[in-house]
Amino acid sequence: MQILVDADACPVVHIVEQLSQKRNIPVTLFCDTSHVLQSDYAVVRSIDAGADAVDFALTAVCKAGDVVITQDYGLAAMTLAKGAYGLHQSGMRYTDDNIDRLLMERHLAKKARRANARHHLKGPPRRTEDDNKRFATALEKLLDEINM
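### So, the sheet that holds strand β6 (residues 93-94)
So, step 1. Ordered by their spatial adjacency, six strands build an open sheet running β3-β2-β1-β4-β5-β6, and the pairing between neighbours is mixed. Every other strand in the sheet has two partners, leaving β3 (43-47) and β6 as the edge strands with one partner each.
So, step 2. Relative to strand β4 (residues 67-69), strand β1 (residues 3-6) runs parallel, the two being bridged by three bridges. Across the sheet, L4 pairs through a bridge with V68, a residue of β4.

This is how it looks when you write it as structure tokens:
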């Protein structure tokens, strides 16, 4: 098992590295060439910029039993299909039971944004320390379940 992180603008990289290092779990951070990442623990893979290039590179190395950290529902769906575990940066676990609904909600939100192109929709709220704690708890719980 390894942990694969869709690390472009991912706010929980440091949490993933800390928890993984304690458990001696290998981590790979995937980012495109417009981001500069460095890590003392994780392997960093820079992928040429391009639509979904990072997603396809991560999916190509993902195996059943791996843990994938991403906020991208499409990437989560591809890696779930390979038998990986998926976790959102909020701590929400991607499952076969919720991924179709999440993809449909994403589609409807995109459609609404296109219909209201002149109106700016509000972005997500500012990340808090409670959000980080919730993610850390969810990742520890998932890792404990996998290693039972």
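### Brief notes about helix α3 (residues 73-81)
Each turn of an α-helix holds 3.6 residues, which means side chains three or four residues apart point in the same direction.
So, step 1. Among the residues making up α3, those that are buried are Y73, G74, L75, A76, T79 and L80.
So, step 2. In this structure D72 caps α3, since a side-chain oxygen of it lies 2.7 Å from the backbone nitrogen of G74.
So, step 3. After α3 finishes, the residue G83 shows a positive phi value of roughly 90 degrees.

### Some points on the nonpolar core
So, step 1. In this structure, I3, V5, V16, I69, F135 and L139 are the most contacted members of the largest nonpolar core, which totals 22 residues.
So, step 2. When residues of this core are traced back to their parent elements, those giving at least two are β1, α1 (13-23), β2 (27-32), β4 and α5 (129-146).
So, step 3. In terms of residues, this core owes the most to one element, α5, which gives six residues.
So, step 4. If you look at the next biggest cluster of nonpolar residues, it comprises eleven residues, including L4, V54, L75 and A84.

### As for the packing of helix α2 (residues 53-61) against α3
So, step 1. Following both chains from N to C, one finds α2 and α3 inclined at 15 degrees, their axes separated by 10 Å at the closest point. When the axes of α2 and α3 are compared, the pair comes out roughly parallel. The handedness of the crossing between α2 and α3 is right-handed. Between α2 and α3, the contacting residues are D55, F56, L58 and T59 on the first element and L75, M78 and T79 on the second.

### Regarding the environment of I47
So, step 1. In this structure, I47 sits in strand β3.
So, step 2. Separated by 14 residues in sequence, I47 and T33 have C-alpha atoms that sit 5.9 Å apart.
So, step 3. Sequence-distant contacts of I47, that is, excluding residues within four places in its chain, are made with F30, C31, D32, T33, A53, V54 and A57.

### A short note on the packing of aromatic side chains
So, step 1. Counted by the stated rule, this structure contains one aromatic pair.
So, step 2. Judged by centre distance (5.9 Å) and plane angle (75 degrees), the ring pair of Y73 and Y94 falls under edge-to-face. In this pair, Y73 sits in helix α3 while Y94 sits in strand β6, placing the two residues 21 residues apart along the sequence.
So, step 3. Classification of Y94 by relative accessible area gives buried; the value is 2%.

Analysis parameters
Residues numbered from 1 in each chain as written. Predicted model: local features only at pLDDT ≥ 70, side-chain atom pairs only at ≥ 80, totals over all residues. Heavy atoms only, no water. Pairing = 2+ DSSP bridges. Helix = DSSP H or I, 4+ residues; strand = E, 2+ residues; numbered from the N terminus. Buried < 20%, exposed > 50% of the residue type's maximum accessible area, 1.4 Å probe, protein only. Polar contact = N/O pair within 3.5 Å; in protein donor to acceptor, adjacent residues only side chain to side chain. Core = buried A, V, L, I, M, F, W, Y, C linked by side-chain atoms within 4.5 Å. Axes fitted to C-alpha atoms, helices over the stretch in contact; angles between N-to-C directions. Parallel < 35°, antiparallel > 145°, perpendicular 65-115°, else oblique. Left-handed = near helix turned anticlockwise from the far one by under 90°. Contact = heavy atoms within 4.5 Å. Phe/Tyr/Trp six-rings, centres within 6.5 Å; stacked < 30°, edge-to-face > 60°.

Take it as geometry only, folks, not as evidence of what the structure does.
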